[in-house]
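Inside the fold
Next come the chains, spelled out residue by residue.
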Amino acid sequence: MTSLEAVAVYVPPERVPVEPYLRELGVADEKVKLYKQFFGFSEIRREPGGTALELMRAALGELDLAGREDRVRYLVQAATILSAPYPRSPLHELRAEFGLHRATAFSLSQHACASGLLAVDVCGRLLAADDDPDALALVLVGEKTFTEVARIADSAVMSEGMAAVLVGTGGPRDRLLSYATRSYAEFDRAPWLTPEQGTRFDKVYPVALVEILRAALDEAGLAPSDVALVLPHNVNRLSWYRVAKTLGLPKDRIVLGNLPEYGHSFGADSFLGYRSALDLGRLNPGDHYVMTAVGLGATFAAMVFRH
């Protein structure tokens, strides 16, 4: 059974208030107020002098790989955007630097910000087919906002951060119970949707998110009342309150504490939320929790784990 062996994260230390940041990007004052007061963003994290490679290196530095390097069979970047200009390959540089010589390195990007959950599923399937029950996969998820288009989304402020996720098949904790995903091809031109498509997406979004959460819970044989925590993608606090109400889930079970200060760290949000939940003592052995993500394009995904 696929399991999370370890999750390490790195968040840059520089804090940037969202108001001047958004105004710098040409966002009108009334919309700035919307992002802060209603969507829930206060600041983001950035490392102006850093690169995608340095973010990955920092996250990996928080993960204790000592003595397990040869067990890593797959090194995967769950990408949302281009992380470095051609022909640089941060992933292959990391492979050499950390001594992961037995690992096959590749990237997944088809699900945009939901690619992190896709990578966990893919790695679990690859490891299940491996003859070595001790084999591991290492997933890097998060981005460097080095282009303007990567700095803001329609209902989110994009932030820098990185998660290093060690995936196995025999761990006693954080076992994957189910994975549900669905793509809506009519929105495949996002973020360049027509006004009509944008209006349609706003209507589809909360319905689709509730449906994918229910699909994942149904596959795991659980009800919303069985969920201890939801570790969400950090976009639009109001939409999460609506989702919680529709599911009959208390709002305090949705871990939104990172949203004000971390912003939306692309596909890393749920894994950042996982680390925060552990550090705050909000996950107990046997608890069921859900990771969610929505990728531009549009792919909705949810995973259910038992801690």
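Note that the structure is predicted; figures quoted are calculated from it, not measured. Per-chain numbering applies: the sequence of each chain, read as written, is numbered from 1 onward. Since the coordinates come from a predicted model, pLDDT governs what is reported: local features require at least 70, and pairs of side-chain atoms require 80 or more to be given and counted, while whole-chain, interface and lining totals use all residues. The side-chain figures draw on all heavy atoms in the structure; neither hydrogens nor water molecules are used.

In terms of regular secondary structure, the chain is built from nine helices and 13 strands. The reference for a compact globule is 2.2 Å times residues^0.38; the radius of gyration itself is calculated from the C-alpha atoms. For 307 residues, the compact-globule estimate of 2.2 N^0.38 gives 19 Å, and the chain sits close to it at 18 Å. Principal axes of the C-alpha set define a box for the chain whose edges measure 55 × 45 × 40 Å. Should any heavy atoms of two residues lie within 4.5 Å, those residues are considered in contact. At a minimum sequence separation of 6, the contacts of the chain that also span at least 24 residues come to 79%. When the accessible area of the chain is evaluated, it comes to approximately 13300 Å², of which 51% is carbon and sulfur surface. For the purpose of counting charges, residues Lys and Arg are taken to be positive, whereas Asp and Glu are taken to be negative. His and the chain ends are not included. Lys charges are placed at NZ, Arg charges at CZ, Asp charges at CG and Glu charges at CD. Separation of charge centres in the chain, based on 32 positive and 38 negative side chains, amounts to 4 Å. The helix and strand labels rest on DSSP assignments: H or I over at least four residues marks a helix, E over at least two residues marks a strand, and numbering proceeds from the N terminus. With residues, only the protein chains shown are counted as cover, and all accessible areas are computed by Shrake-Rupley using a 1.4 Å probe.

Turning next to the nonpolar core. Residues belong to a common nonpolar core when they are buried Ala, Val, Leu, Ile, Met, Phe, Trp, Tyr or Cys residues joined through side-chain atoms within 4.5 Å. Each residue gets one of three labels from its accessible area relative to the maximum for its type: buried under 20%, exposed over 50%, partly exposed in between, using a 1.4 Å probe on protein chains only. If you look at the biggest cluster of nonpolar residues, it comprises 48 residues, and the most contacted ones within it are Leu209 and Phe300. In terms of residue count, the dominant contributor to this core is helix 6 (residues 195–220) (ten residues). Discounting chain neighbours no more than four positions away, the residues touching Phe300 are Ala180, Thr181, Arg182, Tyr184, Phe201, Tyr205, Ala208, Leu209, Ile212, Ala293 and Val294. By size, the runner-up hydrophobic cluster in this structure holds 39 residues, among which are Leu127, Leu229, Val255 and Ala293.

This next bit is on helix 4 (residues 90–97). Residues Pro90, Leu91 and Leu94 constitute the buried set of helix 4. Viewed end-on, helix 4 has its buried residues packed into an arc of 100°, placing them on one side of the element. In this fold, the buried residues of helix 4 make contact with helix 3 (52–61), strand 4 (72–78), strand 5 (104–108) and strand 6 (136–143). Downstream of helix 4 by one or two residues, Gly99 has phi in the positive range, about 70°. What the arc describes is the spread of directions from the helix axis to the C-beta atoms.

Attention shifts here to helix 6. Because the α-helix completes a turn every 3.6 residues, residues three or four places apart line up on one side. Expected helix span is taken as 1.5 Å per residue step, with the number of steps being one fewer than the number of residues. The end-to-end C-alpha distance of helix 6, which contains 26 residues, comes to 38 Å, matching closely the 38 Å that a straight helix rising 1.5 Å per residue would cover. Along its length, helix 6 shows its largest kink, about 35°, at Val204, and proline Pro206 lies within four residues downstream of that point. Turning to helix 6, its buried residues number three or more, namely Phe201, Val204, Tyr205, Ala208, Leu209, Val210, Ile212, Leu213, Ala216 and Leu217. Contacts made by the buried residues of helix 6 are with strand 10 (175–183), strand 11 (227–231), helix 7 (237–247), strand 12 (288–295) and strand 13 (299–306). The positive-phi residue at the C-terminal boundary of helix 6 is Gly221, with phi of around 75°. Here the bend at each residue means the angle between axes fitted to two seven-residue stretches, the one ending at that residue and the one beginning there.

It is worth spelling out the packing of helix 3 against helix 4 at this point. When two helices pack together, their arrangement is given by the angle between the helix axes and by the axis-to-axis distance. Only C-alpha atoms enter the line fits that serve as axes; for helices the fit covers just the stretch in contact. Angles between N-to-C directions range over 0 to 180 degrees. Running from amino to carboxyl end, helix 3 crosses helix 4 at an angle of 40°, the nearest separation of the two axes being 10 Å. Overall, the two elements helix 3 and helix 4 adopt an arrangement that is oblique. For helix 3 against helix 4, the interelement crossing comes out right-handed. Residues Leu53, Met56, Arg57 and Leu60 of helix 3 form the contact with helix 4, whose own contacting residues are Pro90, Glu93, Leu94 and Glu97. Gly is put with the polar residues, along with every residue not named as nonpolar or charged; the nonpolar set is Ala, Val, Leu, Ile, Met, Phe, Trp, Tyr, Cys and Pro, and the charged set is Asp, Glu, Lys and Arg. Residues of the contact of helix 3 with helix 4, tallied by class, amount to five nonpolar, no polar and three charged. Each angle gets one of four labels, with under 35 degrees taken as roughly parallel, over 145 as roughly antiparallel, 65 to 115 as roughly perpendicular, and the rest as oblique. Helix crossings fall into two classes, left-handed where the near helix is turned counterclockwise from the far one by less than a right angle and right-handed where it is turned clockwise.

We now examine the state of the cysteines. When the sulfur atoms of two cysteines come within 2.5 Å, that pair is taken as a disulfide. In total, this model carries zero disulfides according to the counting rule given. This cysteine, Cys113, is not joined by any disulfide, and Cys123 carries the nearest cysteine sulfur, 18 Å off. Judged by its relative accessible area of 10%, Cys113 is buried. Overall, Cys123 belongs to the buried group, its relative accessible area being 0%.

All right, on to the pattern of salt bridges then. Here, a salt bridge means any Lys or Arg side-chain nitrogen found within 4 Å of an Asp or Glu carboxyl oxygen. The final tally for this structure, using the stated rule, is 13 salt bridges. Its salt-bridge partner being Arg182, residue Glu211 comes within 3.9 Å of it at the nearest N-O pair. Taken as a pair, Glu211 in helix 6 and Arg182 in strand 10 lie far apart in primary sequence, 29 residues in all. Classification of Glu211 as partly exposed rests on a relative accessible area of 42%. What you see here is one network of salt bridges that share partners, running through Arg15, Glu43, Arg45 and Glu261.

Patch building starts from residues that exceed 30% relative accessible area and form no salt bridge, then joins like charges within 9 Å and nonpolar side chains (Val, Leu, Ile, Met, Phe, Trp, Tyr) within 5 Å. Where nonpolar side chains cluster on the molecular surface, the patch consists of Leu34, Phe38 and Leu238 and spans about 230 Å² of accessible area. Examined against the element boundaries, Leu238 turns out to sit in helix 7. Residue classification places Leu238 among the partly exposed positions, given a relative accessible area of 33%.

Turning our attention to the pairing of strand 6. Most of strand 6 sits out of view: eight of its eight residues are buried. What you see with strand 6 is no split at all: Leu136, Leu138, Leu140 and Gly142 on one side and Ala137, Val139, Val141 and Glu143 on the other are buried throughout. Whether two strands pair depends on DSSP finding at least two bridges between them. Of the strand pairs in this sheet, strand 4 and strand 6 are connected by six bridges, and their pairing is parallel. Residue pairing for strand 6: Tyr74 is matched across the bridge by Ala137.

With that settled, consider the packing of helix 6 against helix 7. Here helix 6 crosses helix 7 at 50°, and the two axes come no closer than 10 Å. By the angle class used here, helix 6 and helix 7 are oblique. Relative to helix 7, helix 6 is oriented so that their crossing is right-handed. Of helix 7, the residues touching helix 6 (which contributes Tyr205, Pro206, Leu209, Val210, Leu213 and Arg214) are Ser239, Trp240, Val243, Thr246 and Leu247. Of the residues that constitute the contact of helix 6 with helix 7, the class distribution is eight nonpolar, two polar and one charged.

Bear in mind that shape data such as this cannot, by itself, settle questions of function.
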